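A look at the structure
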Amino acid sequence: MGTRSKSRKGLSSSVRVRAPNGFGRVVQEVRLNTQMAQRREEIAKKRYDHLTSLTFEEREVFFNDDATGATPMDVDEDLAFDHLPPGEEGFFASNAGGEEELCRTFFLSNNDRKRKDVRTRRDRRLLQNKEWAEQMLSLVDAFLDWQMSRSTEVHDTAQFDDWEVTTVDFFSRSRRRFNSGPSVDRANVVLIRNGYIGSAPRSPTVAIGLQVLEAYHEMHAACPRFSIQAQFRIAYDVYLAIRRCIDVRANAALHRDIPNWRMKNACAACLYALENEDPLTYALQVSMDGNQSLKLVDDHFRRGPSLADTRSGISDIWLNPEEVDIFKNEVGKPQQSQRNTGDAHDIDDDIDWVNIADHTDSADVTLSTDECVKRWRNAGPEARKKMFALFAVTGVFVCLCRHGQLLAICDMIRSGELMKYPLAIVDKLMRVLGVTVQVAYDIACAFMKILERSSLGDRVQQQGLRGIVPAFHGHAHNRLCQVDWHPLYVAGSGKEDFEGCERVFSQSNALASTTRFSSPFHRHQAIDEFFKSWAFVKHAELANFIHNNYRQALKIVAEDSATLRELCTRLKLNDEDFEQYLQEERAYLKNLVAESPEVAFTVEYMEALLRLDGAFAESEHAKREYQNLDARIIREGLRGRAITNIKTRYVTTYTRYVDLHEHVRRIEEVHGIVRRWTKDSEEYKNGLVVLTERKYRNAIDTLERLLLQRLLELTKLSMSGTGYKMREKITKALKTRATAIKKALEEYNRRAAELNPPRPSLSWSDVVDMVSVAEFDLLRDARQDVRLLAWAQPAQRRAMNLYFNIKRAEEEIKRLNVEIRRLLTHMVDEHVDYYRTIRDNMVPNPPLAYELSLRWRYSNAVNTELAYRLQQTSELPGFTGTLRTGHRVGRSPILADGILLPPWVSLQTQPTEGFDASGNELEDDEELGMEGVGNEDEANVLIDYIDRLGLHSE
């Protein structure tokens, strides 16, 4: 039920709603007019301030006036007189003292009102973050101490009052008592030393076990969809902050705290360049792309006030908005005629920056990239506009190496894939790495033209940066683009498909459900933690990547070479012929220019003449029906509606004929045609041929578009992470698409038969078996049958594809041989760095030394498996590389002096002796020895160190 509270004017300003909830009645006041209520509150506050400033005499006058009932007094006005007038604070003073406190107690108890906490949730959040930051250094030290003594419970040695906390472990929740420290700041320090983190920076009442947080951290990396409760979130944030601080200390000890160290060392196989190694055409291969799954909803569209969170949990691998916005004006805006008019907020994410028109470029190349951009946009999501106001961040733009390691990332803010994002990524790649880079992007054909005209153009030329289209996305590009940008035809590409971004997005999309409504800090933290875990996984799988690629390349060289030799013998071809075929195909496709103005006029005029002939025939038919109307009424008994229809057609068909006749007359007037073309004239016959070719090309366009959509839907259907409902919709769409393709195929065959000479018809199997929709480009020229040319013959094209495939496989083998040496050298150097750093910190900083030893053991276990897999790679038939290590460019060779190498360096055919199949050390260390221990004295020092760490305390 509800009651209305009325204002003095008799209007209802709010309604109080009462409802039972199991513990009593809940009373909630709902404002009916917020603006009126706000004005009333302002007036009441001014009146309250005025009354508290009145003297005793003025208050007496006010009470006398109020007694007449002229001005009813509100409750808040009554409370104003609980305060003494200004200057009368000593009114109740006496020799005994204490009267002021007595009066305050009386007034407060009389009002029966509790103290109101004026702090908002935003204020409490800021204060909480500040208090955690103030004690973070102590918490890190306590965490490192806890790691050294997990098997024993540590209490504060000072004797202070005990306090209880509710502790949460894996399978239990209990009340535990701890010794209090000299200040409330020590509460979480004591908890961490005992294996817990409190849910509040001061006086926590609930504590979460560190092992629980560690387990959740690992599980969240495997399944990012996990959500957590608020108190657990606080403890988990602190846990991650502690881990980040430990990373900072460890990196500083390992001399990895230089700017951009993570980017420069993201991938051992790509970036660990060695002295005197075989040169590669491109030192680094990367792919970049945007993903719109990791959005962040704007605060204006959320319920309740926004929560301030000034924390920063991102690494230097992120590009901040300021770095990106440097390139926001790099691309000229399209002409007004090319833009959609409308609201200023109607941002088109994919077309505003793709303005590739340049008078200095040839028309054929411009048209080629235009068509690729059009296809790229058609393959994307349909709802692109008017959605960005809903999201403060619409996704991320990433750059990965060919092994999947993240090199750079930035947020896409209130936009889609604008030009500034890839430009900023390329700028950082050139600034930080400074090597020749092969950059893959969905529409690299258009992007490279813009890149060359941007402020980065000179540096791009100097460093030899080369764009390339990913293998799968290349299927959506036209054939002219493919022969210039597809990996199969670009020297130095190897067998890399450049689709690493799609693979990482298929995993990172699971974060969307938990980050979309989070704070910016928690979103960045979740994404950063995901890529850290991703980096560990990709490094552990690096030897598998090399092994599988090496085996694939060897198989291509062995099997395809035999087939190619057979074809070359039969067709009497050699390697030079295939290179010549590729050049001829490029030249042919570049000559397929757009229709000239004369052709466009001919098509327009012929279509108008055909429509005029059709309208004349309909008009004459309607005229004959009208002239025979009376006879039909008598003979057939026509009545009512039938008579009306005949009369209406008689008028409308003639009107349409007159309109079309005027339209044709004006075309003839504009183009200076004195004598109209007729069916017997030569101009009419030639125009009919041009129109037939136009319809033939339109039929090809329709068939190509439907096949492209089918190809993309089939790929989406088999993609990991596609939900059941989405699969169901795609399956239905494929059924509908198949019917549409059949109809389009019938239309194509009909138009192909009308040509002179007729083109061969296509069957359903011919269309479906086409490897790429770009093969349709070879059918567009209606003036000659392209399949009569030598390079377009099926046998020659098969041989040409085999030739370039083998060539790319040989390049892949060369790159893999370089990557194997880089990886092995990195593994050995990492072993050396850990050994030296642990030795240097044993005495001055045992907790940090122990943390580094844990990381060393993990690294050693991973490297054992990597070495074993590399050994298997070296045993492949046809292996041409070496398992010898080298020297990294710029690294001192004396760092490894006096340090024994780990056992896995021997690279035996089985897991290294002393380690199991998972890379874990066996227990019999005394018999096998330990890495880095060369004599008895060093062994005694290491044993004493381990004893101090408590590893043998049991």
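Residue positions are counted from 1 within each chain, in the order its sequence is given. Local features in this predicted model are restricted to residues whose pLDDT is 70 or higher, and side-chain atom pairs enter the listing and the counts only when it is 80 or higher, whereas totals over whole chains, interfaces and linings include all residues. Side-chain metrics in this entry use all non-hydrogen atoms of the structure; hydrogen atoms and water are not considered.

The chain is annotated in an unreviewed UniProt entry as Clu domain-containing protein from Somion occarium.

**Comments concerning the overall build of the chain**
Comment: elements are numbered from the N terminus, with helices defined as DSSP H or I runs of at least four residues and strands as E runs of at least two. Helix and strand counts for the chain come out as 32 helices and 15 strands. Burial classes: relative accessible area under 20% of the type maximum marks a residue as buried, over 50% as exposed, and values in between as partly exposed (1.4 Å probe, protein chains only). The buried share among the 954 residues of the chain stands at 44%. Residue contacts follow a heavy-atom distance rule, with two residues in contact if any of their heavy atoms lie within 4.5 Å. Put simply, 74% of the contacts in the chain that link residues at least 6 apart link residues at least 24 apart. Every accessible area reported is derived by Shrake-Rupley at a probe size of 1.4 Å, with residue values counting cover from the shown protein chains alone. Accessible surface, the chain as shown: approximately 52,000 Å² in total, 52% of it carbon and sulfur.

**Here we look at the packing of helix H29 (residues 794-841) against helix H30 (residues 846-874)**
Angular values range over 0 to 180 degrees, each being the angle between N-to-C directions of two axes fitted as lines to C-alpha atoms, with helices fitted over their stretch in contact. It is at 9 Å that the axes of H29 and H30 come closest, and there the two elements cross at 160 degrees. The orientation of H29 relative to H30 falls into the category roughly antiparallel. As for the relative orientation of H29 and H30, their crossing is left-handed in sense. Just so you know the grouping, Ala, Val, Leu, Ile, Met, Phe, Trp, Tyr, Cys and Pro go in nonpolar, Asp, Glu, Lys and Arg go in charged, and all remaining residues, Gly too, go in polar. A per-class count over the contact of H29 with H30 returns 15 nonpolar, 7 polar and 2 charged. Working rule for angles: under 35 degrees goes down as roughly parallel, over 145 as roughly antiparallel, 65 to 115 as roughly perpendicular, anything else as oblique. Handedness of each helix crossing follows the sense of rotation of the near helix against the far helix: counterclockwise by less than a right angle gives left-handed, clockwise gives right-handed.

**Concerning the environment of Val690**
Relative to the elements of secondary structure, Val690 occurs in helix H26 (residues 682-717). Distance from Val690 to Met606, taken between C-alpha atoms, is 9.1 Å for residues 84 residues apart in sequence. Val690 has contacts with Val599, Thr602 and Val603, leaving out every residue within four places of it along the chain.

**A look at the sheet that holds strand E5 (residues 173-179)**
One key point about sheets: their strands pair by backbone hydrogen bonds, in either a parallel or an antiparallel sense. At least two DSSP bridges between two strands are required for those strands to pair. Pairing is mixed in the open sheet, where 4 strands are placed in the order E5-E4-E7-E6. With partners counted over all chains shown, the strands left at the sheet margins are E5 and strand E6 (196-198), one partner each. The mean angle between the axes of side-by-side strands here comes to 40 degrees, regardless of whether they run parallel or antiparallel. By the bridge criterion, 7 bridges tie strand E4 (residues 162-168) to E5 in an arrangement that is antiparallel. Following the sheet pairing, Asp162 is matched in E5 by Asn179.

**Points about the UniProt feature "coiled-coil region" (unreviewed entry) in the chain**
This chain's UniProt record puts "coiled-coil region" (unreviewed entry) on residues 799-826. The distance from the first to the last C-alpha atom of residues 799-826 is 41 Å, and the span holds 100% helix and 0% strand. UniProt positions are given in the numbering used here, feature names are shortened, and annotations may be inferred rather than shown by experiment.

**What to know about the pattern of salt bridges**
Criterion for a salt bridge: a side-chain nitrogen of Lys or Arg within 4 Å of a carboxyl oxygen of Asp or Glu. A complete count under the given rule lists 42 salt bridges for this structure. Two residues, Glu496 and Arg402, come together in a salt bridge whose shortest N-O distance is 3.4 Å. Here Glu496, found in the loop between helix H17 (479-485) and helix H18 (500-508), pairs with Arg402, found in the loop between strand E12 (395-401) and strand E13 (406-412); they are 94 residues apart in sequence, far enough to count as distant. For Asp829, the salt bridge is made with Arg891, and the minimal N-O distance between the two is 3.5 Å. Here Asp829, found in helix H29, pairs with Arg891, found in the loop between H30 and helix H31 (925-928); they are 62 residues apart in sequence, far enough to count as distant. Across this residue pair, the class does not change: Asp829 and Arg891 are buried. Members of the salt-bridge network, linked through shared partners, are Arg243, Asp247, Glu851 and Arg855.

**Regarding the environment of Glu330**
The residue Glu330 is located in the loop between helix H12 (321-325) and helix H13 (363-379) in this model. The class of Glu330 is partly exposed, set by a relative accessible area of 24%. Spatially, the C-alpha atoms of Glu330 and Ser455 are 7.3 Å apart, while their sequence positions differ by 125 residues. Apart from the residues lying within four places of it in its own chain, the contact partners of Glu330 are Leu423, Ser454 and Ser455.

**Let's talk about the pairing of E12**
Taking burial as the measure, the 7 residues of E12 include 7 buried ones, the bulk of the element. Side chains Gly395, Phe397, Cys399 and Cys401 project from E12 onto one buried face, and the interleaved Val396, Val398 and Leu400 project onto a second face that is buried too. The pairing of strand E8 (residues 284-291) with E12 spans 6 bridges and is antiparallel. Across the sheet, residue Met288 finds its bridge partner in E12, namely Cys399. The sheet contact formed by E12 and E13 spans 6 bridges and is antiparallel. Its bridge partner lying in E13, Val396 is registered against Asp411. Between E12 and E13, which pair antiparallel and follow one another directly, the connecting turn spans 4 residues, one of which, Gly404, has a positive phi of 95 degrees.

**Points about the nonpolar core**
Nonpolar side chains in soluble globular proteins tend to end up buried together. Membership of the largest hydrophobic core comes to 90 residues, with the highest contact counts inside it found for Leu284, Met288, Leu407, Phe447, Leu451, Leu465 and Phe578. Of the residues forming this core, the biggest block, 14 residues, is contributed by H29. Excluding residues that lie within four positions of it along the chain, Leu465 makes contacts with Val426, Met430, Val437, Val439, Met448, Leu451 and Val460. Here, nonpolar core means buried Ala, Val, Leu, Ile, Met, Phe, Trp, Tyr and Cys residues that are tied together by side-chain atoms lying within 4.5 Å of each other.

**Remarks on the sheet that holds E12**
Reading across from one edge, E10-E13-E12-E8-E14-E15 is the order of the 6 strands in this open sheet, with mixed pairing throughout. Looking at which strands have only one partner, the edges of the open sheet turn out to be strand E10 (318-319) and strand E15 (466-468). Here strand E14 (residues 437-440) pairs with E15 via 3 bridges, running parallel. Looking across to E15, one finds that Ala440 is bridged to Ile468.

**Considering H18**
Along H18, the residues that are buried comprise Gly500, Cys501, Val504, Phe505 and Ser508. What you see down the axis of H18 is that its buried residues fit within an arc of 130 degrees, all on one side. Buried positions along H18 lie against E8, E12, helix H19 (512-515) and helix H20 (520-540). The arc refers to the directions leading from the helix axis to the C-beta atoms.

**Comments concerning unusual backbone geometry**
The backbone of Ser203 shows a phi angle near 50 degrees, a positive value even though the residue is not glycine. Topologically, Ser203 is positioned in the loop between E6 and strand E7 (206-209). Phi is positive for Asn260, which is not a glycine, with a value near 60 degrees.

**With respect to the packing of aromatic side chains**
Stacked, edge-to-face and tilted labels apply to pairs of Phe, Tyr and Trp rings (six-membered ring for Trp) whose centres lie within 6.5 Å, assigned for plane angles under 30 degrees, over 60, and everything in between, in that order. A complete count under the given rule lists 25 aromatic pairs for this structure. Relative to Phe804, the ring of Tyr489 has its centre 5.5 Å away and its plane inclined at 70 degrees; by these criteria the two rings are edge-to-face. One end of the pair, Tyr489, is in the loop between H17 and H18; the other, Phe804, is in helix H29, with 315 residues separating them in the sequence. Like Tyr489, the residue Phe804 is buried in the burial classification. With 5.0 Å between their ring centres and 75 degrees between their planes, Tyr803 and Phe804 make a pair best called edge-to-face. In this structure Tyr803 comes out as buried when scored by relative accessible area, which is 11%. Put simply, the rings of Phe143, Trp146, Tyr216, Phe232, Tyr236 and Tyr239 touch in pairs and so form one group of aromatic residues.

**A few points about the pairing of E7**
The alternating pattern of E7 places Val206 and Ile208 and Ala207 and Gly209 on opposite faces, both of which are buried. Bridge analysis of E4 against E7 gives 3 bridges, and the strand direction is parallel. Its bridge partner being in E7, Thr166 is matched across the sheet by Val206. In this sheet, E7 lies alongside E6 in antiparallel orientation, the contact comprising 3 bridges. Each bridged residue has a counterpart across the sheet, and for Tyr196 the counterpart in E7 is Gly209.

**What to know about a nonpolar patch on the surface**
Together, Tyr626, Tyr650 and Val651 give the surface a local cluster of nonpolar side chains, amounting to about 260 Å² of exposed area. Mapped onto the elements of the fold, Tyr626 is located in helix H23 (residues 597-627). Patch rule: a residue counts if its relative accessible area is over 30% and it has no salt bridge; like charges are joined within 9 Å, and nonpolar side chains (Val, Leu, Ile, Met, Phe, Trp, Tyr) within 5 Å.

**So, the side chain of Thr864**
Examined against the element boundaries, Thr864 turns out to sit in helix H30. Given the relative accessible area of 1%, Thr864 is considered buried.

**Considerations on the side chain of Arg891**
Pairs of N or O atoms within 3.5 Å make up the polar contacts considered here, provided that, within protein, one atom can donate a hydrogen while the other can accept it, and that residues adjacent in sequence are counted only when both atoms are side-chain atoms. Polar side-chain contacts of Arg891 include one of 2.9 Å to the side chain of Asp833. Not counting residues up to four positions away in its chain, the partners in contact with Arg891 are Tyr272, Asp829, Val832 and Asp833.

**Some remarks on the state of the cysteines**
Joining two cysteines, a disulfide is a covalent bond between their sulfur atoms. Counting rule for disulfides: a pair of cysteine sulfur atoms within 2.5 Å. Tallied over the full model, the rule gives 0 disulfides. Free cysteine: Cys501, not disulfide-bonded; nearest cysteine sulfur from Cys399 at 7.2 Å.

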